[in-house]
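Residues per chain, in single letters:
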Amino acid sequence: MRIPSGVSGFDHLIQGGFLPGRLYVLSGPPGSGKTTFTAQFVAEGLRNGENCLYVTMHESREELVNDMSSYEFGFETLAASEQFRFVNLANKKGKRLLSQSASGGSPSSVQSLTDKIVAFVNSRDIDRLVIDSTMLLELFFTDGEEEMARFLTALKGCDATTLLISEMTDPSAYSDEHFLAHGVVFFHNYLEATGMTRGIQVVKMRGTDIDCDIRSLRFTDEGLVVDPTKRVDF
């Protein structure tokens, strides 16, 4: 069984959707569509009656909902569902919510953070998990790459299908999250005199036949739309 992404046209690139229970990294420059993609992913899950969790450090639930309310894929209404959980790790409410699922360790401890997120996901039967982003998570980690690798390995043990946003802007540069993830999707944007050209590229997808070509990506009233038949050259 494949998990539909909720992004029109994208699932054609990955044989019908994501394989469930795996970790996928979304990489690309700011403004390239990563957050909108994850919101459509969550909205699709909520429409299907799934439990969804969005973990961030840099925006409130209201900000995310407001940002997505300009699209017509129904995020504002769907996010009001009891099946949608939102955790901002930077505020007291977020730390308290996570602390209900695991104990021990200080809030800045990578092991504590990892244990709490994994315990929360598994105890609440979370089907879809979004973490935004690796750059912000690194603020928790004092030992950089080693702690990030431990965190990612633990995420792979979650029962949820996980999308992890990465701020890396070079598709040829690999980091721990790229090596450890089951799949890597890269977002491209290039400003030309005629406007912004956007593309999406499946760089890696275990268990899936992919071609790694960059495909056309557009922002529309319905959210992101991929044209799987249109290749883009940068």
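The structure presented is a predicted model; accordingly, all values stated were derived computationally and were not measured.

> Help me out: how do you make sense of helix α1 (residues 34–47) in this one?
Spacing of three or four residues puts side chains on the same side of an α-helix, whose turn is 3.6 residues. In this model α1 runs 20 Å from its N-terminal to its C-terminal C-alpha over 14 residues, within 8% of the 20 Å that 1.5 Å per residue would give. The buried fraction of α1 is high, at twelve of 14 residues. Two residues or fewer past α1, G49 is found with a positive phi of approximately 80°.

> Explain the sheet that holds strand β8 (residues 214–220) to me, please; I cannot follow it from the model alone.
Working definition: the strands of a sheet are paired by backbone hydrogen bonds and lie parallel or antiparallel to each other. With respect to topology, nine strands assemble into an open sheet ordered β3-β2-β4-β5-β1-β6-β7-β8-β9, the strand pairing being mixed. The sheet is open, and its two edges are formed by β3 (84–88) and β9 (223–231), each paired on a single side. With strand direction ignored, the average angle separating the axes of adjacent strands in the sheet is 20°. Here strand β6 (residues 183–192) pairs with strand β7 (residues 195–205) via ten bridges, running antiparallel. Within the sheet, the bridge partner assigned to F186 lies in β7 and is Q201.

> Is there a simple way to think about the pattern of salt bridges in this case?
Pairing of side chains with opposite charge becomes possible as their charged atoms draw close. Applying the stated rule across the entire model yields five salt bridges. In this structure, R215 and D211 form a salt bridge, with 2.4 Å as the shortest nitrogen-oxygen distance. On the basis of relative accessibility, which here comes to 8%, the residue R215 falls in the buried class. Notably, a salt bridge pairs D213 with R215, separated by 3.6 Å at the nearest N-O pair.

> What should I look at first to understand the side chain of Q201 in this one?
Along the polypeptide, Q201 turns up in strand β7. Given the relative accessible area of 14%, Q201 is considered buried. There is a polar contact of 2.8 Å between the side chain of Q201 and the side chain of H188.

> What's the story with unusual backbone geometry in this structure? I'm lost.
A positive phi angle, close to 55°, is found at D125, a residue other than glycine. By the element assignment, D125 lies in the loop between α5 (110–123) and β4 (128–132). A positive phi angle is found at C212, which is not glycine, with a value near 70°. Mapped onto the elements, C212 comes out in the loop between β7 and β8.

About the cut-offs
- Residues numbered from 1 in each chain as written.
- Predicted model: local features only at pLDDT ≥ 70, side-chain atom pairs only at ≥ 80, totals over all residues.
- Heavy atoms only, no water.
- Helix = DSSP H or I, 4+ residues; strand = E, 2+ residues; numbered from the N terminus.
- Expected span 1.5 Å × (residues − 1).
- Buried < 20%, exposed > 50% of the residue type's maximum accessible area, 1.4 Å probe, protein only.
- Pairing = 2+ DSSP bridges.
- Axes fitted to C-alpha atoms, helices over the stretch in contact; angles between N-to-C directions.
- Salt bridge = Lys/Arg side-chain N within 4 Å of Asp/Glu carboxyl O.
- Polar contact = N/O pair within 3.5 Å; in protein donor to acceptor, adjacent residues only side chain to side chain.

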